[in-house]
Amino acid sequence: MATKIMIVDDAAFMRITLKSILQKAGYEVEEAVDGQDAVDKYRKIKPDAVTMDITMPNKDGLEAATEIRSQNPDAVIIMCTALGQENLIRKAVQIGVKDFIVKPFDPERVISAVQGALKK
Amino acid sequence: MNTRGPENREAMANLQKAFEQGAQGAQDALRKMMKRDLEFTVSGVQEVPFDQVCNFRYPADVPVAMIVLRLLGAGEGYLVFVMFEESAKKVNQILWEEGPKSSEVLNLSSISAIKEMGNIVGSCFLNRLADSSGIELRPGEPMFVYDLMEAVMEALLIEQSLSSDRAIIVDTIIKNPQEGISFDILFLPSGGLLDRLLEGLTQHE
Amino acid sequence: MNDLPELKKVNLGIGGIFVTAEPAEVSTVLGSCVSVCLFDESRCIAGINHYMLPHPHEGRQGDVGRFGELSIPELLERMKRQGAMVGQMTAKVFGGARMLAQFSNFSGISEANIEVAMNLLKRYQIRIVATDVGGTRGRKIMFRTDTGRVFVRQVGAKEEL
């Protein structure tokens, strides 16, 4: 069974971009459109990993990540940020996020981040 | 037209430098997003009075595509990307090369792509400004608008008009002539943000 | 529609007030701003303004044209100085669109701009014969000072009022 990744981003463009990268690498992809959607879908889908955008309406990525991690301490989450949101990244690390990738996405970096996060 | 005194002229030069540095990061990001070797530079920063901002480079009564980023953090105002419809369509076509093609400016998915571009490039500039001045600045949710230039500018200038008479224009040059992509960036700080930025840039030199 | 060869074209910007007894086509672009077009048909005197905010606030009294509360009376004053009679005037009001509706801090100003016009025109007892206000889109209006007609263009639409 293929490894399942849930992509969380309110921008359709970013979801489609990331989906394309991940599917080409053989991953199965699910999508959520904001933080609340991510929390709801995590319970149903139980993905192997999550890529989570930080800035979203209706619950941001940090809040969603915190909730998911509190319900599932083993949850594998990778944060997605636009350049230089460093203080947010620091907060994310405290929550137990495994890695972060910066927009615009570099396909190789995305894959290596996902592979690395799944191994840990 | 720069009417500030000598110490402020130096501060404006620092502002220009910060935008130039931001443009380097933005150039990298754009090259990655568009998969092209394009050039993106800032050639100057100027203060422009309100009545000129409304038809700055773009006629007041021409529809333009804009990405408007609200400034969040320790300051208020907007960062605005302005381009003609043709350019927006080209940008969109390029961004969507690997996915569904759409050349309709007002199509929801095309707007998503252009908004993300604005978000990423805007972050490059605001991060640079924030780092160089010590003032926390980041972009809010990007908004896409397609309407008459002056109509949108008026709305953006309302907040500023309460505290000043001028806006900052960042002269950007994006070189991709064969594909016809071109856009301008307007930086509209309000409520004393500009003065605080200039002060911060000078202190942190 | 015939364009007379001697028809003057005028562009009105933010804060502008223009009154004339000559044939002209005055254009202006309105977002959240409002324009009041006044026309004295018997004497063929026309006037138009373009204001940004409803009321002046502390420290920024200088720009009469920018505030509806000051700009509309000034417009009327200039019309009278040209020889127009209030009793012969009709008014058309345009603009006040809620641009950038997503940024909620804008709520109120467009509506207040429209309200200032309605209140003052009512106080002066000038009959409002047409309005195209509100919505979320900008308008380009073209005011013919010889006929009092106004053309309104929005992105995607074209109408005469």
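The present account deals with the structure reproduced in this document. Computed from a prediction, not measured in an experiment: that's the story for all the values here.

Description of the overall build of chain B
For step 1, the next point in the chain: Counting its regular elements, chain B contains six helices and seven strands.
For step 2, the next point in the chain: Going residue by residue from the N terminus, the α and β elements of chain B occur as α-β-α-β-β-α-α-β-β-α-β-β-α.
For step 3, the next point in the chain: By residue count, 60% of the 205 residues in chain B fall in the buried class.
For step 4, the next point in the chain: Put simply, of all contacts in chain B between residues at least 6 apart along the chain, 75% involve residues at least 24 apart.
For step 5, the next point in the chain: As presented, chain B carries roughly 7,700 Å² of accessible surface, and 47% of it is formed by carbon and sulfur atoms.

Things to note about the sheet that holds strand β7 (residues 127-133) of chain C
Residues and elements named next belong to chain C.
For step 1, the next point in the chain: The mixed open sheet is built from five strands, whose spatial order is β2-β5-β4-β6-β7. Looking at which strands have only one partner, the edges of the open sheet turn out to be β2 (17-20) and β7. Neighbour to neighbour, the strand axes of the sheet diverge by 10° on average, direction disregarded.
For step 2, the next point in the chain: The pairing of strand β6 (residues 89-95) with β7 spans six bridges and is parallel. Along β7, the bridge assignment pairs Thr90 with Arg127.
For step 3, the next point in the chain: Helix α2 (residues 109-124) rests against β4 (34-40), β6 and β7 of the sheet, and its axis sits at about 25° to β4.

Some points on the packing of aromatic side chains
Centre distance and the angle of the planes are the two values used to describe a pair of aromatic rings.
All names here are of chain B.
For step 1, the next point in the chain: Taken as a whole, this structure holds six aromatic pairs over all chains when the rule is applied.
For step 2, the next point in the chain: Measuring from ring centre to ring centre gives 6.0 Å for Phe40 and Phe125, while their planes differ by 70°; the resulting arrangement is edge-to-face. Within this pair, whereas Phe40 is found in strand β1 (residues 39-49), its partner Phe125 is found in helix α4 (residues 108-133), the two being separated by 85 residues in sequence.
For step 3, the next point in the chain: Of the residues examined, Phe125 reaches a relative accessible area of 1% and is grouped as buried.
For step 4, the next point in the chain: Here the aromatic rings of Tyr58 and Phe84 are separated by 4.8 Å at their centres, their planes lie at 55°, and the arrangement is tilted.

Section: the sheet that holds strand β5 (residues 99-103) of chain A
The strands that make up a sheet are held in pairs by hydrogen bonds between backbone atoms, and each pair lies either parallel or antiparallel.
Residues and elements named next belong to chain A.
For step 1, the next point in the chain: Pairing within the open sheet is parallel, and its five strands lie in the order β2-β1-β3-β4-β5. Every other strand in the sheet has two partners, leaving β2 (28-32) and β5 as the edge strands with one partner each. On average, each strand axis in the sheet is inclined to that of its neighbour by 20°, with strand direction left out of account.
For step 2, the next point in the chain: Against the sheet, helix α1 (residues 12-24) contacts β1 (4-8), β2, β3 (49-53), β4 (77-82) and β5, and its axis sits at roughly 165° relative to β2.
For step 3, the next point in the chain: Contacts between helix α3 (residues 61-71) and the sheet are confined to β3 and β4, with β4 contributing the most and set at about 175° to the helix.

Observations regarding the interface of chain B and chain C
For step 1, the next point in the chain: Opposite the 28 residues of chain B that make contact, chain C presents 27 residues.
For step 2, the next point in the chain: Between chain B and chain C, the buried area comes to about 2,300 Å², and carbon and sulfur atoms account for 65% of it.
For step 3, the next point in the chain: Summed over the three residues of chain B that lose the most area to chain C, namely Met143, Glu154 and Ile158 of chain B, the buried surface amounts to 25% of that side.
For step 4, the next point in the chain: One can count one salt bridge joining chain B with chain C.
For step 5, the next point in the chain: One salt bridge connects Lys140 of chain C with Asp61 of chain B, and the closest N-O pair in it is separated by 2.4 Å.
For step 6, the next point in the chain: Across the chain B-chain C interface, the total number found is six residue pairs in polar contact (both at pLDDT 80 or more).
For step 7, the next point in the chain: Elements with a contribution of two residues or more to the side of chain B that touches chain C: β2 (63-73), β5 (143-148) and α5 (149-161) of chain B.

What about the pairing of strand β5 (residues 45-49) of chain C?
All names here are of chain C.
For step 1, the next point in the chain: Buried residues dominate β5, accounting for five of its five residues.
For step 2, the next point in the chain: With burial as the criterion, each face of β5 is covered, one bearing Ile45, Gly47 and Asn49 and the other bearing Ala46 and Ile48.
For step 3, the next point in the chain: Pairing geometry for β2 and β5, over four bridges, is antiparallel. Across the sheet, residue Val19 finds its bridge partner in β5, namely Gly47.

Focus on unusual backbone geometry
For step 1, the next point in the chain: Here the bond from Lys103 of chain A into Pro104 of chain A is cis, since omega is 0°, no more than 30 degrees from zero.
For step 2, the next point in the chain: Here Pro104 of chain A lies in the loop between β5 and α5 (107-119).
For step 3, the next point in the chain: Backbone geometry places Lys35 of chain B, a non-glycine residue, at a positive phi of 55°.
For step 4, the next point in the chain: For Lys35 of chain B, the position within the fold is in the loop between α1 (6-34) and β1.
For step 5, the next point in the chain: At Gln125 of chain C, a position not held by glycine, the phi torsion is positive, near 60°.
For step 6, the next point in the chain: Owing to a relative accessible area of 71%, Gln125 of chain C belongs among the exposed residues under this scheme.

Notes on the interface of chain A and chain B
For step 1, the next point in the chain: Facing the 16 residues of chain A at the interface are 15 residues of chain B.
For step 2, the next point in the chain: Both faces combined, the contact of chain A with chain B buries some 1,400 Å², and carbon together with sulfur accounts for 63% of it.
For step 3, the next point in the chain: Our count for the chain A to chain B interface comes out at one salt bridge.
For step 4, the next point in the chain: In this structure, the salt-bridge partner of Glu116 of chain B is Lys103 of chain A, at a minimum N-O distance of 3.3 Å.
For step 5, the next point in the chain: Between chain A and chain B we count three residue pairs in polar contact (both at pLDDT 80 or more) in total.
For step 6, the next point in the chain: The element contributing the most residues to the side of chain A that touches chain B is α1 of chain A, with six residues.
For step 7, the next point in the chain: Looking at the side of chain A that touches chain B residue by residue, the class counts come to 10 nonpolar, two polar and four charged.

Thresholds, definitions, all that
- Residues numbered from 1 in each chain as written.
- Chains lettered and ligands numbered in written order.
- Predicted model: local features only at pLDDT ≥ 70, side-chain atom pairs only at ≥ 80, totals over all residues.
- Heavy atoms only, no water.
- Helix = DSSP H or I, 4+ residues; strand = E, 2+ residues; numbered from the N terminus.
- Buried < 20%, exposed > 50% of the residue type's maximum accessible area, 1.4 Å probe, protein only.
- Contact = heavy atoms within 4.5 Å.
- Areas by Shrake-Rupley, 256 points an atom, 1.4 Å probe, with all protein chains shown as cover.
- Pairing = 2+ DSSP bridges.
- Axes fitted to C-alpha atoms, helices over the stretch in contact; angles between N-to-C directions.
- Phe/Tyr/Trp six-rings, centres within 6.5 Å; stacked < 30°, edge-to-face > 60°.
- Buried area = accessible area lost by both parts, 1.4 Å probe.
- Salt bridge = Lys/Arg side-chain N within 4 Å of Asp/Glu carboxyl O.
- Polar contact = N/O pair within 3.5 Å; in protein donor to acceptor, adjacent residues only side chain to side chain.
- Nonpolar A, V, L, I, M, F, W, Y, C, P; charged D, E, K, R; others polar.

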